[in-house]
Amino acid sequence: MGGGAVSCIKETLSFLNRHNLPFICTKNAYGYIPNNTPHYHGMGGINGNPRANYLLQHAETLVVLGSRLATPFTGYNKEDFARNAKNIYIVDIDSYVIK
């Protein structure tokens, strides 16, 4: 979950929790999600925590909500980003970008 998703964070968290989906966040969304949120594993990326990055690298399917996947999140070698993912879906929900 990226910073573009913070405008609809209640709905997003409700959906993720209802479906028991594990998720992580980018630096721009960090702080908007309480650490005790079920299925939340922290911030991923270069400055992220190991558990979040492990989940990111071993996910079969990756759904990106409100993030442009900037280099601080993906790392400099883009080929190594989410290397086990068979599908990556990017949903841009930032109203500023969509306009």
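Residues numbered from 1 in each chain as written. Predicted model: local features only at pLDDT ≥ 70, side-chain atom pairs only at ≥ 80, totals over all residues. Heavy atoms only, no water.

Trainee: Could you give an account of the packing of aromatic side chains, naming the residues involved and the relevant values?
Mentor: For the structure on display, the rule yields two aromatic pairs. Their ring planes at 35 degrees and their centres at 5.4 Å tell us that Phe23 and Tyr40 sit as a pair that is tilted. Of this pair, Phe23 sits in strand β1 (residues 23–25) while Tyr40 sits in strand β2 (residues 40–43), and the two are 17 residues apart along the sequence. Assigned by exposure class, Phe23 and Tyr40 land together as buried. (Phe/Tyr/Trp six-rings, centres within 6.5 Å; stacked < 30°, edge-to-face > 60°. Helix = DSSP H or I, 4+ residues; strand = E, 2+ residues; numbered from the N terminus. Buried < 20%, exposed > 50% of the residue type's maximum accessible area, 1.4 Å probe, protein only.)

Trainee: Residues and numbers for helix α2 (residues 50–58), please.
Mentor: What α2 keeps buried is the set Ala52, Leu56 and Gln57. For α2, the angular spread of buried residues about the axis comes to 130 degrees, placing them on one side. For α2, the exposed residues set more than 90 degrees away from the buried face come down to Pro50, Arg51 and Tyr54. Elements in contact with the buried residues of α2: β1, β2, β3 (61–65) and α3 (71–74). Of the residues that open α2, the one with a side-chain oxygen 3.2 Å from the backbone nitrogen of Arg51 is Asn49. (Arc of directions from axis to C-beta. Contact = heavy atoms within 4.5 Å. Polar contact = N/O pair within 3.5 Å; in protein donor to acceptor, adjacent residues only side chain to side chain.)

Trainee: Tell me what's going on with the nonpolar core, and back it up with residues and numbers.
Mentor: Counting residues in each nonpolar core, the largest one holds twelve residues, listed as Met1, Ala5, Ile9, Leu13, Leu16, Phe23, Cys25, Ala29, Ile33, Tyr40, Met43 and Leu65. Taken together, the elements giving at least two residues each to this core come down to α1 (9–18), β1 and β2. Once you skip the residues sitting within four places of it in the chain, Ile9 turns out to touch Met1, Tyr32 and Ile33. (Core = buried A, V, L, I, M, F, W, Y, C linked by side-chain atoms within 4.5 Å.)

Trainee: Tell me about a nonpolar patch on the surface, and name the residues and values.
Mentor: Taken together, the side chains of Val63, Tyr89 and Val91 define a hydrophobic patch exposed on the protein surface, amounting to about 270 Å² of accessible area. Following the sequence through the fold, Tyr89 ends up in strand β4 (residues 87–91). (Patch = residues over 30% accessible without salt bridge, like charges linked within 9 Å, V, L, I, M, F, W, Y side chains within 5 Å. Areas by Shrake-Rupley, 256 points an atom, 1.4 Å probe, with all protein chains shown as cover. Salt bridge = Lys/Arg side-chain N within 4 Å of Asp/Glu carboxyl O.)

Trainee: Help me get a handle on unusual backbone geometry, residues and values and all.
Mentor: In this model, His39 sits at a positive phi of 70 degrees, which is unusual for a non-glycine residue. In this structure, His39 sits in the loop between β1 and β2. Residue His39 is classed as partly exposed on the basis of its relative accessible area of 28%. Here Ala82, not a glycine, exhibits a phi torsion of approximately 45 degrees, which is positive. With respect to the helices and strands, the residue Ala82 is situated in the loop between α3 and β4.

Keep in mind these numbers describe shape, not what the thing actually does.
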